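Structure at a glance
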Amino acid sequence: MRNIAVNQDPAVEALETREWQDSLAYVLQQGGGVRRAADLLRQLEFHARQTGFRLPFTASTPYVNTIPAAQQPAFPGNQAIERRIKSLVRWNALSMVVRANKLSDGIGGHISTFASAATLYEIGFNHFFKGKGAGHDGDVIFFQGHAAPGIYSRAFLEGRISLKQVENFRRELQEGGGLSSYPHPWLMPDFWEYPTVSMGLGPIMSIYQARFMRHLEDRGLMPAGQRKVWAFLGDGETDEPESLGAITLAAREKLDNLIFVINCNLQRLDGPVRGNGQIIQELEAAFRGAGWNVIKNIWGSDWDPLFERDTEGLLAQRLGEIVDGQYQKYSVASGAYIREHLFGADPRLLELVKHLSDDEIRKLRLGGHDPVKVYAAYASAVAHKGQPTVILARTVKGYGLGEAGEGKNITHQQKKLNEDELKAFRERFAIEISDEQVHKSPFFRPADDAPEMQYLHSRRKTLGGYVPSRKPTTDTVSKNLEPIFEEFYAGTEGRKASTTMVFVKMLAKMLRDPDIGKLVVPIVPDEARTFGMEALFRQVGIYSHAGQLYEPVDSDTLLYYKEARDGQIFEEGITEAGSMSTFIAAGTAYATHGLNTIPFFIYYSMFGFQRIGDLIWAAGDARCRGFLLGGTAGRTTLAGEGLQHQDGNSHVLSLPVPNCVSYDPAFAFEMAVIIQDGIRRMYGNGESIFYYLTVMNEPVEMPAMPDGAREGILKGMYKLKATSKPKAKLRAQLFGSGSILPEAVQAQRILEEKYDVGADVWSVTSYGELYRDGHAAERWNMLHPAEAQKVPYVTQCLADAPGVFVAASDYLKALPDAIDRWLPRKLVSLGTDGFGRSEARADLRNHFEVDARFIVVATLSALMSDGKVDAKVVQKAIADLGINAEKANPATA
Ligand SMILES: Cc1ncc(C[n+]2csc(CCOP(=O)(O)OP(=O)(O)O)c2C)c(N)n1
Ligand SMILES: [Mg+2]
């Protein structure tokens, strides 16, 4: 069919439209109903396509509420009392920020985020958010970080936060305690559950949390129930890749236990989110395309009569044309301006609002500020089956601030209100504070027997208790794990194995254990075969809520790709961020679900701390437990893969995370000791720590555990192999770690045989732990000068050790350098500073100067500095060992 544009008479067009509408109405009313109507439209669309013309594509629906007014449920609460409560929450939230900044200029805080979101939260608090009741059956709520003052304010009203604390908002170190700026479980472990303020992390964590909850139900570890995950986020926040990056997973997994509430105030920090577009339409398209149930809540009840009278859809059409920058302008404009510019576009629209005064037009409320509309959206979301739901709620940023910032570009940063502005706010929300007092913006809490207070408590009681509230389980894992791990204390007697293989064996054993097996959560981002874990596919299955709907291509093999509803492995696909989010859900389940699940997340070590460091930081904040395993670790150990893959960084990057305990183990027995003790500390003692272990793919002979090594392994170093020449005149102490430890052992032999140097070899399992211990001792000594001074563990090990000190690892030289200060003499560090290369291990170790030959030369060079050997000896060694002294410096090559 050719596209012929014919200019028709508008009256004819209107008649034509009417006929089509009538036909549709006929089908809807005459038995066929919605199903038949949808079918007809589908067929019509198919027919149109067959005929050759392309229907205009639209991923979004008109710019109106998804739930028509006629389908709204009745509001079940007392609107007047709820408004009163909300006003009090608003006032105290504002007060908190204003007072804090008066007392301490520049302390910060945010007023406008919560001001725009107050109704979104209050409807949740009064009607939806389930508390933990007696157990762990509450909802999981990710509060938007910048809305924290509002959440504190409500808790203050509820009597869960003291006056002292609200006085000390953002002053956590004051006497009597204070409140952390944002949700930080580390700082407020009884209150906050999840950190969200690094924007984007809340949304992705919430998706994987919802999926993990589904998993716990599928495996019978948690009763199937009505629990929901709520994630509150800003519209600006959706630009973070993590915010939308995993939304298809939520739809694929049909996570109807997940609700996103996006506060579309159309503004971010600097200005509009999409000045020249419409963020709500853009988000609707993205979420609908991904398979979500989208509920737009744009217009408040004031608009209902207008839409009702707008039979031709002109109003909806006009509202769909206006860009967000212009909408923001309307939020600060006069009623006359709005009449002229918004409705003035068409005389029929002007007619529609003729009966409204300018003031009434200015006050036409938006959907996100209307409790009835918000309630309707939440009720619909909670009841929705088979899909996650996103609510796109339109609000005004800084709502209620008036001249002080409502809708203005500066509003995000507004922290101070003058007396007039405070008065205006007080009046708007009817807070009983006198003119004399208002400039002080005092906190206000009605008497306990006031009706609003009773209402507030009774609502929370009905809903199962106060939120947020973090409640770690008191259950512990007390099982003796020695029978699982003891086999690894023996050596491999000549056979070679990699620490990754050893770990997989340990994991398989833990999974088989009748007590802890069900708690183990293996997580892998499409890398199981890299780590030789495919046997686990068959052993415990890959988790899939849908089960396995196909015959796997390798079904005739023993280790086929088995997906199962009760599967235990999280095969996440290529997403370290998603895998880490599952790790966080599993590692915090002791507080969220009362379950001591033990996650083991194994990944390409380069794509861990470096790529998703902020999520790991959030895990630390969330008091997450579990084991991160950096696989294929070590800059010279991962042969061939080159610059982007070879990791010599992660042990430096893990050091700043205060509760992350890192090890670079070399042997099976070291791993066995570390993992066993880790489970004891985290799940037996309840310590809020987690572990990072690097595991390698280089097969090595595993020696048996030396007597008495256990304590040193955990503290960070132990003597692996003393010299056979303790009486030699020349002495050295060699430190090796991970896969470079065998190089140190080899260097020991060369030094003894060729250079008559008696060298002891130490395995340094953790420079990080030695560093922390050293500083802890030093700090204590500084503050307790008159008491017996503590000696750092590393000093205890080495105070009397003779000779020079040489360290080599597969990581930056900065790592061994970190402990240099506690050694009796200077440490020489060898490490892998610089970009990696595609090469074989031996060539890489030559390139980075960390092999046995370089350890020998470094030792002789250090002895020369001490005046113990002649320069010629070193020079000859360089030549004899075949080292090119003029080679490029790997640190810059
Ligand atoms: C990862 C990250 N980047 C930047 C910031 C700083 N920041 C805090 S709030 C904000 C603007 C938030 O806008 P929006 O998401 O729309 O939330 P609103 O306050 O409007 O509800 C920015 C840039 C942050 N907290 N986290
Ligand atoms: Mg915003």
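Let us look at the structure shown here. (Residues numbered from 1 in each chain as written. Chains lettered and ligands numbered in written order. Predicted model: local features only at pLDDT ≥ 70, side-chain atom pairs only at ≥ 80, totals over all residues. Heavy atoms only, no water.)

**Digging into the overall build of the protein**
Looking only at helices and strands, one finds 36 helices and 20 strands in the protein. In terms of principal-axis extent, the alpha carbons of the protein reach across some 105 × 75 × 55 Å. Pairs at least 24 apart in sequence give 77% of the contacts found in the protein among residues at least 6 apart. For the protein, the accessible surface area stands at approximately 37,200 Å², while carbon and sulfur atoms represent 52% of it. Looking at the protein, you have 99 positive and 108 negative side-chain charges, and the mean spots of the two groups are 2 Å apart. (Helix = DSSP H or I, 4+ residues; strand = E, 2+ residues; numbered from the N terminus. Contact = heavy atoms within 4.5 Å. Areas by Shrake-Rupley, 256 points an atom, 1.4 Å probe, with all protein chains shown as cover. Lys, Arg positive; Asp, Glu negative; His and termini not counted. Charge placed at Lys NZ, Arg CZ, Asp CG, Glu CD.)

**Some thoughts on a nonpolar patch on the surface**
A cluster of nonpolar side chains, contributed by Trp20, Leu24, Leu28, Val34, Leu41 and Leu44, occupies part of the molecular surface with about 600 Å² of accessible area. Elements represented by at least two residues in the nonpolar patch include exactly helix 1 (10-29) and helix 2 (33-51). With respect to the helices and strands, Trp20 occurs in helix 1. Judged by its relative accessible area of 57%, Trp20 falls in the exposed class. (Patch = residues over 30% accessible without salt bridge, like charges linked within 9 Å, V, L, I, M, F, W, Y side chains within 5 Å. Salt bridge = Lys/Arg side-chain N within 4 Å of Asp/Glu carboxyl O. Buried < 20%, exposed > 50% of the residue type's maximum accessible area, 1.4 Å probe, protein only.)

**Thoughts on the sheet that holds strand 20 (residues 827-830)**
In space, the 5 strands of this open sheet follow the order 16-18-17-19-20, with mixed pairing throughout. Of all the strands in the sheet, the pair left with one neighbour each is strand 16 (717-721) and strand 20. Sheet twist, expressed as the average angle between the axes of neighbouring strands with direction ignored, equals 25°. Bridging between strand 16 and strand 18 (residues 757-764) involves 4 bridges; their strand directions are antiparallel. Residue Tyr718 lies in a different strand from strand 18, and its bridge partner there is Ser763. Lying on the sheet, helix 30 (residues 741-755) is in contact with strand 16, strand 17 (730-736) and strand 18; it crosses strand 18 at an angle near 175°. Of the strands in this sheet, strand 17, strand 18, strand 19 (804-808) and strand 20 touch helix 35 (residues 852-865), which is tilted by about 155° from strand 19. (Pairing = 2+ DSSP bridges. Axes fitted to C-alpha atoms, helices over the stretch in contact; angles between N-to-C directions.)

**Focus on the sheet that holds strand 1 (residues 140-142)**
Taken in spatial order, the 5 strands of this open sheet run 1-2-3-5-4, and their pairing is parallel. The open sheet has two free edges, formed respectively by strand 1 and strand 4 (293-297), since each of these has just one partner strand. Sheet twist, expressed as the average angle between the axes of neighbouring strands with direction ignored, equals 15°.

**Let's talk about helix 12 (residues 314-321)**
Among all positions of helix 12, only Leu314, Leu315, Ala316, Arg318 and Leu319 are buried. Elements that come into contact with the buried residues of helix 12 comprise helix 11 (304-309), helix 13 (324-332), helix 14 (335-341) and helix 15 (347-352).

**Some remarks on the packing of helix 7 (residues 201-218) against helix 24 (residues 576-587)**
A pair of packed helices is captured by two measures, namely the crossing angle of their axes and the spacing between those axes. Two elements in contact, helix 7 and helix 24, have axes whose closest approach is 8 Å; the angle formed by their N-to-C orientations is 60°. Taken together, the axes of helix 7 and helix 24 are oblique relative to one another. Crossing geometry of helix 7 relative to helix 24 is assigned as right-handed. Facing Ile204, Met205, Tyr208, Gln209, Arg211 and Phe212 of helix 7, the residues of helix 24 in contact are Ala577, Gly578, Ser581, Thr582, Ile584, Ala585 and Ala586. When its residues are assigned to classes, the contact of helix 7 with helix 24 shows 8 nonpolar, 4 polar and 1 charged. (Parallel < 35°, antiparallel > 145°, perpendicular 65-115°, else oblique. Left-handed = near helix turned anticlockwise from the far one by under 90°. Nonpolar A, V, L, I, M, F, W, Y, C, P; charged D, E, K, R; others polar.)

**Describing the layout of surface pockets**
By volume, the largest pocket amounts to about 1,100 Å³. If you trace the largest pocket, you find 43 residues lining it, with Arg362, Lys363, Tyr399, Glu406 and Arg428 closest to the centre. For the lining of the largest pocket, the elements supplying multiple residues, two or more each, are helix 3 (79-103), helix 4 (112-128), helix 13, helix 16 (358-362) and helix 18 (419-428). Broken down by element, the lining of the largest pocket gets its largest block of residues, 6 residues, from helix 3. (1 Å grid on protein atoms, 1.4 Å probe; cavity = no way out; pocket = protein on both sides within 12 Å on 5 of 7 lines; lining within 4 Å. Points joined across faces, edges and corners; volume = space filled by probe spheres on them.)

**Let's talk about empty space enclosed by the protein**
Summed over all chains, the structure comprises 7 cavities of 30 Å³ or more. Empty space within the largest cavity amounts to approximately 120 Å³. The wall of the largest cavity is formed by 18 residues, among which His651, Ser662, Ser766, Tyr767 and Gly768 lie closest to the centre. Looking at the lining of the largest cavity, the elements with two or more residues in it are helix 27 (650-654), strand 13 (660-663) and helix 31 (767-783). Considering only residue class, the lining of the largest cavity consists of 7 nonpolar, 8 polar and 3 charged.

**A word on the side chain of Glu698**
Of note, Glu698 is situated in the loop between strand 14 (690-694) and strand 15 (700-701). Look at Glu698 and you get buried, because its relative accessible area is 15%. A distance of 2.8 Å separates a polar atom in the side chain of Glu698 from a polar atom in the side chain of Arg845. Not counting chain neighbours up to four residues away, the residues in contact with Glu698 comprise Ala497, Ser498, Thr637, Ser739, Arg841 and Arg845. (Polar contact = N/O pair within 3.5 Å; in protein donor to acceptor, adjacent residues only side chain to side chain.)

**A few points about the packing of aromatic side chains**
Applying the stated criterion across every chain yields a total of 48 aromatic pairs. Judged by centre distance (5.6 Å) and plane angle (75°), the ring pair of Phe75 and Tyr375 falls under edge-to-face. Of this pair, Phe75 sits in the loop between helix 2 and helix 3 while Tyr375 is found in helix 17 (residues 371-383), placing the two residues 300 residues apart along the sequence. Accessibility classification places Phe75 together with Tyr375 in one group, the buried group. When the ring centre of Tyr399 is taken as reference, the NZ or CZ atom of Arg428 above it lies at 4.9 Å. (Phe/Tyr/Trp six-rings, centres within 6.5 Å; stacked < 30°, edge-to-face > 60°. Lys NZ or Arg CZ within 6 Å of the ring centre and 35° of its normal.)

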